[in-house]
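Summary of structural features
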Amino acid sequence: EAMWDQEPKSLEDLNAIIAKAGPLVLGATQAVFGEGPAHAEIVFVGEQPGDQEDLQGRPFVGPAGKLLTKAMKEAGIDREQAYLTNAVKHFKFEQRGHRRIHSKPTAGEVKHYRPWLMKELELVKPKLVVALGATALLALTGKATPITRSRGRARFGPYEGYVTVHPSYLLRLPDEATKREAYEAFLNDLRRVHDLAK
Ligand code: URA
């Protein structure tokens with residue numbers, strides 16, 4: 001394909017290309033690559049690395065990642081056996097005092113990273129691809145679609161898919177009762193994901 005000087009033949013090749021390209025917007029410490037077995041059965045796609053992910057160079061290690069890891073475990077999914085990645089591979093933020101506040105990637109940014117995500121899927125060849133939230137869904141389909149309308153089973157090109165909310169959405173909910181209810185619905189999605197990937 002024309003977009004590659006040298007077509008990546010492995011995740012290592014692909015990651016080297018992403019690292020060399022660098023962030024679209026300056027500020028990120030490093031690229032955060034996908035993590036997990038090279039031929040995992042399930043790939044989880046998030047939005048973009050957050051503050052902790054940027055510092056540690058690993059996906060889903062901050063507050064949303066901890067919640068996702070807990071929910072995976074409760075749903076019977078071993079995080080170590082899954083492949084976790086993001087639509088966008090660099091953290092983007094607004095500085096507020098000492099804090100770096102995550103800013104949502106634009107559609108243009110999602111598009112920029114999309115061929116790399118598609119190549120990543122091609123290399124891992126999972127049974128099931130899980131979109132966590134609207135940005136992942138946009139990256140996987142090329143179309144902006146609300147999560148509420150597409151939640152559940154899906155098809156992403158050649159891959160069987162599943163659409164659910166992003167774990168950070170659960171953290172942002174205002175009251176405990178709503179939070180608990182939304183977490184239960186998320187758990188039910190992950191239980192179905194677990195069943196579909198069997
Ligand atoms: N949110 C994401 O979408 N991805 C991460 O890796 C962490 C938080």
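Residues numbered from 1 in each chain as written. Predicted model: local features only at pLDDT ≥ 70, side-chain atom pairs only at ≥ 80, totals over all residues. Heavy atoms only, no water.

**What to know about the packing of aromatic side chains**
The criterion, for reference: Stacked, tilted and edge-to-face are the three classes assigned to paired rings of Phe, Tyr and Trp, where Trp is represented by its six-membered ring and a pair needs centres within 6.5 Å; plane angles under 30 degrees give stacked, over 60 edge-to-face, the rest tilted. Relative accessibility under 20% of the residue-type maximum defines a buried residue, over 50% an exposed one, and the middle range a partly exposed one, all with a 1.4 Å probe and only protein chains included.
With the rule as written, the count across this model stands at 2 aromatic pairs. Geometrically, the ring pair formed by Phe 91 and Phe 93 is stacked, given 5.0 Å between the ring centres and 25° between the ring planes. Residue class for Phe 91 comes out buried when judged on its relative accessible area of 2%. Between Tyr 113 and Trp 116 the ring centres are 5.6 Å apart and the planes differ by 75°, which places this aromatic pair in the edge-to-face class.

**Here we look at the nonpolar core**
What counts is decided by this rule: Within this scheme, the nonpolar core is defined by two criteria: the residues are buried Ala, Val, Leu, Ile, Met, Phe, Trp, Tyr or Cys, and they are joined through side-chain atoms within 4.5 Å. Secondary structure is summarised from DSSP: a helix means a run of H or I of at least four residues, a strand means a run of E of at least two, and numbering begins at the N terminus for each. Here a residue-residue contact requires only that any non-hydrogen atoms of the pair lie within 4.5 Å.
Within the largest apolar cluster, 54 residues are counted, with the highest numbers of intra-cluster contacts made by Phe 44 and Leu 190. For this core, the element with the highest residue contribution is helix 4 (residues 107–124), accounting for 7 residues. Among residues more than four places away in sequence, those in contact with Leu 190 are Phe 44, Leu 68, Ala 71, Met 72, Ala 75 and Ile 77.

**Points about the site of the ligand**
Selection rule: Consider each residue's heavy atoms; a residue with any of them within 4 Å of a molecule or strand counts as near. Think of a polar contact as two N or O atoms within 3.5 Å of one another; within protein, one of them needs to be a possible hydrogen donor and the other a possible acceptor, and neighboring residues in sequence only count if both atoms come from side chains. Only the protein chains shown count as cover for residues, and the accessible areas themselves come from Shrake-Rupley with a 1.4 Å probe. Only Asp, Glu, Lys and Arg are considered charged in this grouping, and only Ala, Val, Leu, Ile, Met, Phe, Trp, Tyr, Cys and Pro are considered nonpolar; every other residue, Gly among them, is considered polar.
For the ligand, the full set of nearby residues is Gly 46, Glu 47, Gln 48, Glu 53, Pro 59, Phe 60, Asn 86 and His 166. The separation between an oxygen atom of the ligand and a polar main-chain atom of Phe 60 is 3.0 Å. Its free accessible area being 240 Å², the ligand has 93% of it covered by the protein chains. Split by residue class, the shell around the ligand holds 2 nonpolar, 4 polar and 2 charged.

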